[in-house]
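Structural description and commentary
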Amino acid sequence: MPNPKRRHSQQRSAKRRTHYKAVEATLSVDKTTGETHVRHRAHVSEGKLFYKGKLVAEKAPLKA
């Protein structure tokens, strides 16, 4: 594999990293339970698993 002949400067690395930004998670309110949750993720409400306002499983999955 090709390797750089000389070391890259700290400034060069910093310029590349300026575009790496932390983004806030988008939240939604479930239309069935009224709970706030992360979008496009199933969530547990009262021991039941919901996704897109529909009941997916009666028992919540075990947390590892």
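So, here is what we can say about the structure in this document. (Residues numbered from 1 in each chain as written. Predicted model: local features only at pLDDT ≥ 70, side-chain atom pairs only at ≥ 80, totals over all residues. Heavy atoms only, no water.)

**Notes on the sheet that holds strand β4 (residues 48-51)**
Our working definition: Two strands pair if DSSP finds at least two bridges between them. Runs of E in the DSSP output that reach at least two residues are strands. Runs of H or I that reach at least four are helices, and both are numbered from the N terminus. Interaxial angle, 0 to 180 degrees, is taken between N-to-C directions of lines fitted to C-alpha atoms, where a helix line uses only the stretch in contact.
Sheet architecture is open: three strands sit in the order β3-β4-β5, paired in antiparallel fashion. Of all the strands in the sheet, just β3 (43-45) and β5 (54-57) have a single pairing partner and so form its edges. Sheet twist, expressed as the average angle between the axes of neighbouring strands with direction ignored, equals 50°.

**Structural notes on the pairing of β5**
Pairing analysis gives three bridges linking β4 to β5, with the strands arranged antiparallel. Bridge pairing in β5 links F50 to L55. Between β4 and the antiparallel strand that follows it, β5, lie two residues; K52 among them carries a positive phi value of about 55°.

**Regarding a positive patch on the surface**
Keep this limit in mind: Every patch collects residues that have over 30% relative accessible area and no salt bridge, joining them within 9 Å if they carry like charges and within 5 Å if they are nonpolar side chains (Val, Leu, Ile, Met, Phe, Trp, Tyr). Here, Shrake-Rupley sampling with a 1.4 Å probe gives the accessible areas, and only protein chains in the shown set may cover a residue. Whenever Lys or Arg places a side-chain nitrogen within 4 Å of a carboxyl oxygen from Asp or Glu, that contact is recorded as a salt bridge. Positive charge is attributed to Lys and Arg, negative charge to Asp and Glu, and no charge count is given to His or to the chain ends. For charged residues, the charge sits on one atom: NZ in Lys, CZ in Arg, CG in Asp, CD in Glu.
A surface patch of positive charge is lined by R12, K15, R16 and R17. Following the sequence through the fold, R17 ends up in helix α1 (residues 10-17).

**Some thoughts on the side chain of S45**
Definition in use: Any residue under 20% of the maximum accessible area for its type is buried, any over 50% is exposed, and the rest in between are partly exposed; the area is computed with a 1.4 Å probe on protein chains only. Counted as a polar contact is a pair of N or O atoms within 3.5 Å, where, for protein atoms, one must be capable of donating a hydrogen and the other of accepting one, and residues adjacent in sequence contribute only when both atoms are in side chains. Contacts are assigned to residue pairs with any non-hydrogen atoms lying within 4.5 Å of each other.
Positionally, S45 belongs in strand β3. S45 sits in the buried class, given a relative accessible area of 6%. In this structure the side chain of S45 is engaged in a polar contact, spanning 2.8 Å, whose partner is the side chain of E35. Those residues in contact with S45 that sit more than four places away from it in its chain are T33, E35 and F50.

**Some points on the layout of surface pockets**
Applicable threshold: Cavity: a set of points on a 1 Å grid over the protein atoms alone where a 1.4 Å probe fits but cannot get out. Pocket: an open set with protein on both sides within 12 Å along at least five of seven lines, its lining residues, like those of a cavity, having an atom within 4 Å of a point. Grid points are joined across faces, edges and corners, and a volume is the space filled by probe spheres set on the points. Three residue categories are used. Nonpolar comprises Ala, Val, Leu, Ile, Met, Phe, Trp, Tyr, Cys and Pro, charged comprises Asp, Glu, Lys and Arg, and polar comprises the others, including Gly.
The space that makes up the largest pocket amounts to roughly 180 Å³. Surrounding the largest pocket, S28, V29, D30, K31, H37, R39, H40, R41, Y51, K52 and G53 form its lining. Residue composition of the lining of the largest pocket, grouped by class: two nonpolar, four polar and five charged.

**Comments concerning the side chain of H37**
With respect to the helices and strands, the residue H37 is situated in strand β2 (residues 36-38). Apart from residues no more than four positions distant in its own chain, H37 is found in contact with T26, L27, S28, V29, D30 and H43.

**Examining the pairing of β4**
Direction of pairing for β3 relative to β4: antiparallel, over a ladder of three bridges. Bridge pairing in β4 places V44 opposite L49.

Geometric descriptors of this kind do not, in isolation, establish any biological role.
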